[in-house]
Amino acid sequence: MDETRARVTRDGIRIYEEADFAGMREAGRQVAEILDLCGPLVKPGATTAVIDDFIRDEVDRRGLISATIGYKGYRHASCISVNHVVCHGIPGTKILTDGDILNIDVTVIVDGWYGDSSRMYAAGALPRKAERLIEVTHEALMRGIAAVKPGETFGDIGHAIQSYVEANRMSVVRDFCGHGLGRVFHAPPNVLHYGRAGTGPVLEEGMFFTIEPMVNLGRPETKVLADDWTAVTRDKSLSAQYEHSIGVTATGCEIFTLSPAGRFFKTWD
């Protein structure tokens, strides 16, 4: 698809064609397969750098392009966010310990199409409070996705997520959001994970975007560390995130980043 000829809504959102879904399916499949392979690497004693090295090698082996290496100076093939890190955690010498939870976020480019997804992993035995956070975050994502169909609004997505999370006495991060994608990494719309039903741009068939709620056990406030990437919870409470890339269809939506092995939710089983 020629991006310069794509129809764009008054809110600046690109509307893709039916043929473009095939490119997003392949990009989504590739990133989901890579994330499926990460599970055995997440264990006490492992470092996040070793996991990132594996992802980089797997991207290269498949002949893909990492969307994050070189993006605004970033040097890694993934973001790995451990415990109270909300998002954009930088892989390094951090050694995982028993009970750690982590989000691994990977984006690849396949023939110009971007596949973007993240999911939660556990190192060793999972504490019940962390397990419950992960369960609520995954369910919040799926409720947000269930709200997607033509004629509904982006506010409906945010409301579905926020109302569920807060009913479970957890909080939705406001400082980061989902985004449009396709042949670009980030584009309109901003997909907020909170909001009022019936507000915001109207969903149309052919929109591609991510939904990626970040949920905290404590308060929603975050701060970015001195490295200008790593975002953490201000109260140091645990945080979790799940992300799918989706496309709006005539009757609902298609999830491009489903796990071929069925491991998206419980990567540690």
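In the block above lies the structure referred to throughout.
This is a predicted model, so every value here is computed, not measured. (Residues numbered from 1 in each chain as written. Predicted model: local features only at pLDDT ≥ 70, side-chain atom pairs only at ≥ 80, totals over all residues. Heavy atoms only, no water.)

## Overview of the sheet that holds strand 14 (residues 231-233)
For step 1, the next point in the chain: Reading across the sheet, the three strands line up as 5-14-13 and stay open at both edges, with antiparallel pairing between neighbours. Only two strands of the sheet have a single neighbouring strand rather than two, namely strand 5 (85-87) and strand 13 (222-224). Neighbouring strand axes in the sheet, compared pairwise and without regard to direction, differ in orientation by 40 degrees on average.
For step 2, the next point in the chain: Pairing of strand 13 with strand 14, which is carried by three bridges, proceeds in the antiparallel orientation. Counted as the bridge partner of Val-224 is Ala-231 from strand 14. (Pairing = 2+ DSSP bridges. Helix = DSSP H or I, 4+ residues; strand = E, 2+ residues; numbered from the N terminus. Axes fitted to C-alpha atoms, helices over the stretch in contact; angles between N-to-C directions.)

## With respect to helix 3 (residues 128-146)
For step 1, the next point in the chain: Taking 1.5 Å per residue, 19 residues should reach 27 Å; helix 3 reaches 27 Å between its end C-alpha atoms and fits that length.
For step 2, the next point in the chain: All of the buried residues in helix 3 are Ala-130, Leu-133, Ile-134, Glu-135, Val-136, Thr-137, His-138, Ala-140, Leu-141, Gly-144 and Ile-145. (Expected span 1.5 Å × (residues − 1). Buried < 20%, exposed > 50% of the residue type's maximum accessible area, 1.4 Å probe, protein only.)

## What to know about the environment of Tyr-121
For step 1, the next point in the chain: For Tyr-121, the location among the structural elements is in strand 7 (residues 113-122).
For step 2, the next point in the chain: Linking Tyr-121 and Thr-267, residues 146 residues apart in sequence, is a C-alpha distance of 5.7 Å.
For step 3, the next point in the chain: Setting aside its immediate chain neighbours within four residues, Tyr-121 contacts Leu-35, Cys-38, Gly-39, Val-42, Asp-100, Ile-101, Leu-102, Ile-104, Thr-267 and Trp-268.
For step 4, the next point in the chain: At a separation of 2.7 Å, a polar atom in the side chain of Tyr-121 contacts the main-chain carbonyl oxygen of Leu-35. (Contact = heavy atoms within 4.5 Å. Polar contact = N/O pair within 3.5 Å; in protein donor to acceptor, adjacent residues only side chain to side chain.)

## Observations concerning the layout of surface pockets
For step 1, the next point in the chain: Each pocket or cavity is described by its volume, and for the largest pocket that value is around 490 Å³.
For step 2, the next point in the chain: Forming the boundary of the largest pocket are 22 residues, of which Tyr-71, His-88, Phe-185, His-186 and Trp-229 lie nearest the centre.
For step 3, the next point in the chain: Counting residues per element, the lining of the largest pocket draws most heavily on strand 6 (residues 101-110), at three residues.
For step 4, the next point in the chain: Its residues assigned to classes, the lining of the largest pocket shows 11 nonpolar, six polar and five charged. (1 Å grid on protein atoms, 1.4 Å probe; cavity = no way out; pocket = protein on both sides within 12 Å on 5 of 7 lines; lining within 4 Å. Points joined across faces, edges and corners; volume = space filled by probe spheres on them. Nonpolar A, V, L, I, M, F, W, Y, C, P; charged D, E, K, R; others polar.)

## Some points on the pairing of strand 10 (residues 187-191)
For step 1, the next point in the chain: Relative to strand 10, strand 9 (residues 178-180) runs antiparallel, the two sharing three bridges. Pairing of Gly-178 across the sheet is with Val-191, part of strand 10.
For step 2, the next point in the chain: Here strand 9 folds back onto strand 10 in antiparallel fashion, the turn holding six residues, of which Gly-182 has a positive phi close to 160 degrees.

## Topic: the pairing of strand 16 (residues 244-248)
For step 1, the next point in the chain: Among the five residues in strand 16, five count as buried, and that is most of the element.
For step 2, the next point in the chain: Of the two faces of strand 16, the one carrying His-244, Ile-246 and Val-248 and the one carrying Ser-245 and Gly-247 are both buried.
For step 3, the next point in the chain: Direction of pairing for strand 11 (residues 208-211) relative to strand 16: antiparallel, over a ladder of four bridges. Bridge assignment links Phe-209 to a residue of strand 16, and that residue is Ile-246.
For step 4, the next point in the chain: Linking strand 16 to strand 17 (residues 253-255), which pair antiparallel, is a turn of four residues.

## Let's talk about the packing of aromatic side chains
Pairs of aromatic rings are described using the distance from one ring centre to the other and the angle between the two planes.
For step 1, the next point in the chain: As enumerated under the stated definition, the model contains 12 aromatic pairs in all.
For step 2, the next point in the chain: Where Tyr-114 meets Phe-185, the ring centres are 5.6 Å apart and the plane angle is 20 degrees; that geometry is what we call stacked. Here Phe-185 lies in the loop between strand 9 and strand 10 and Tyr-114 lies in strand 7, a separation of 71 residues in the sequence. Residue Tyr-114 shares its accessibility class with Phe-185, and that shared class is buried.
For step 3, the next point in the chain: By way of ring pairs, the aromatic residues Tyr-16, Phe-21, Trp-113, Phe-208 and Phe-256 are connected into one cluster.
For step 4, the next point in the chain: Its guanidinium or amino end placed over the ring of Tyr-194, Arg-174 lies 4.9 Å from that ring's centre, counting from NZ or CZ. (Phe/Tyr/Trp six-rings, centres within 6.5 Å; stacked < 30°, edge-to-face > 60°. Lys NZ or Arg CZ within 6 Å of the ring centre and 35° of its normal.)

## Digging into empty space enclosed by the protein
For step 1, the next point in the chain: Evaluation of the coordinates by the stated rule reveals one cavity of 30 Å³ or more.
For step 2, the next point in the chain: In this structure, the largest cavity spans a volume of roughly 60 Å³.
For step 3, the next point in the chain: Contributing to the lining of the largest cavity are Gly-12, Ile-13, Arg-14, Tyr-16, Gly-180, Leu-181, Val-184, Ala-187, Pro-188, Pro-189, Met-207 and Phe-208.
For step 4, the next point in the chain: With three residues, the top contributor of residues to the lining of the largest cavity is strand 10.
For step 5, the next point in the chain: Split into classes, the residues belonging to the lining of the largest cavity amount to nine nonpolar, two polar and one charged.

## Observations concerning the nonpolar core
For step 1, the next point in the chain: Counting 36 residues, the largest nonpolar core has Ile-157, Phe-209 and Ile-211 as the members making the most contacts within it.
For step 2, the next point in the chain: Where this core is concerned, the elements lending two or more residues are strand 7, helix 3, helix 4 (154-167), strand 11 and strand 16.
For step 3, the next point in the chain: The greatest single-element share of this core, amounting to seven residues, is contributed by helix 3.
For step 4, the next point in the chain: Not counting the four nearest positions on each side in its chain, Ile-211 is found in contact with Leu-141, Gly-144, Ile-145, Val-148, Ile-157, Ile-161, Val-191, His-193, Tyr-242, Glu-243, His-244 and Ile-246. (Core = buried A, V, L, I, M, F, W, Y, C linked by side-chain atoms within 4.5 Å.)

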